[in-house]
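Chain residues, written in single-letter form:
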Amino acid sequence: MASAVEIRGLRKVYSGLRGRKTVAIDSLDLDVPVAGVFGFLGPNGAGKTTAIRCLLGLVTPTEGSIRLLDAEIPRALPGVIDRVGALVESPKFFPGFSGRLNLELLAATRELPASEVERVLDEVGLTDRAQDHFTTYSLGMKQRLAVAGAILKHPELLVLDEPANGLDPAGIKDMRELIRRYGSSGSTVLVSSHQLAEVQLMCDSVAIINRGKLITSGAVSDVLAGHPARLLVTIDDVPGSTRVLASAGFVVQPTDTPGQLLVEAGETDAARVTETLALSGRYLRGLRVETANLESVFLELTNQGDA
């Protein structure tokens, strides 16, 4: 099995009123490696959830092919569904039952021992609130319970759509560590999230989509490597400094902040930038190295910086 998930030419078109067509997914190709944590990213409306729903057989694609754990979807989904755990959109549980009872009922349908329920409650940090009714749970606790349900059967592939939704900072950290542990155990985690700093910390590789199309994919380090560090220069004469630096061969970009400009140069070029400006009689008021991170790359690639 070369990939845990293999998508080729996926297209999903919804029909609306008066025959209007909405393209949610447009010729998407995607490979999710076996083992590790894979981040699936995109702005709102990019098609992430639609793609995940197609992957899990919840939506029928208009065109294209999907292989999940080497099985053709949706035709062979019944044969592999027990090897997949998923949290997609709002978790569904019996509101009047306790968290533990909800999980015990879920475990019974899969013929799993009660010890597995205690294991997952501990892993998601809900042991102390396990006897409380689901209705008393906060949004974050409901998310934790949903993740507990998803990992109950030790799935080979764990699909999580916004798993940190509603969690406080401590809960987000716990969720990140849980996902990292799961990915390090040999299983594959496909996680969709808007919390890009968290994605950078927990994911081995990522894919970014926009308007239903793949923009980039690969190891996180490789995606970031294509976007080198920049220097944020604070100086009085921005127009003159821009001309001087451009004449010296630097690529200069404006910013929205008065008195600042961005130079496409790394930390080792800082001295040359400073010298170039000083020789023209222009002196810095500030200089800061801005290293590329997943958020800045995401905003650049999806043109969301002004959104």
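In the block above lies the structure referred to throughout.
Residues numbered from 1 in each chain as written. Predicted model: local features only at pLDDT ≥ 70, side-chain atom pairs only at ≥ 80, totals over all residues. Heavy atoms only, no water.

Colleague: Help me understand the packing of helix α9 (residues 238-247) against helix α10 (residues 270-279), please; the structure alone is not making it clear to me.
Modeller: When two helices pack together, their arrangement is captured by the angle between the axes and the distance separating the axes. Contact geometry of α9 with α10 gives a least axis separation of 10 Å together with a crossing angle of 120°. Crossing angle aside, the handedness with which α9 passes α10 is right-handed. Where α9 abuts α10, its residues Ser 241, Val 244 and Leu 245 lie against Val 273, Thr 276 and Leu 277. (Axes fitted to C-alpha atoms, helices over the stretch in contact; angles between N-to-C directions. Helix = DSSP H or I, 4+ residues; strand = E, 2+ residues; numbered from the N terminus. Left-handed = near helix turned anticlockwise from the far one by under 90°. Contact = heavy atoms within 4.5 Å.)

Colleague: Is there a simple way to explain the pattern of salt bridges in this structure?
Modeller: Here the idea is simple: oppositely charged side chains can pair when their charged atoms come close. By the definition in use, this model includes 16 salt bridges. For the salt bridge of Glu 156 with Arg 83, the shortest nitrogen-to-oxygen distance reads 2.7 Å. Pair noted here: Glu 156 is in the loop between α5 (139-150) and β7 (157-161) and Arg 83 is in the loop between α2 (77-80) and β6 (84-87), with a separation of 73 residues, a long-range link. Two residues, Arg 288 and Glu 290, come together in a salt bridge whose shortest N-O distance is 2.9 Å. Each of Arg 11, Asp 26 and Lys 213 takes part in salt bridges that share partners, so that together they form one network. (Salt bridge = Lys/Arg side-chain N within 4 Å of Asp/Glu carboxyl O.)

Colleague: Just checking my understanding: could you explain helix α4 (residues 114-123) for this structure?
Modeller: Owing to its 3.6 residues per turn, the α-helix brings residues three or four apart onto one side. Those residues of α4 that fall on the buried side of the exposure criterion are Glu 116, Val 117, Arg 119, Val 120 and Leu 121. The inward-facing, buried residues of α4 abut α3 (99-109) and α5. Positive backbone phi, approximately 75°, marks Gly 125, located one or two places after α4. (Buried < 20%, exposed > 50% of the residue type's maximum accessible area, 1.4 Å probe, protein only.)

So, to be careful, I would describe these as geometric facts and stop short of saying anything about function.
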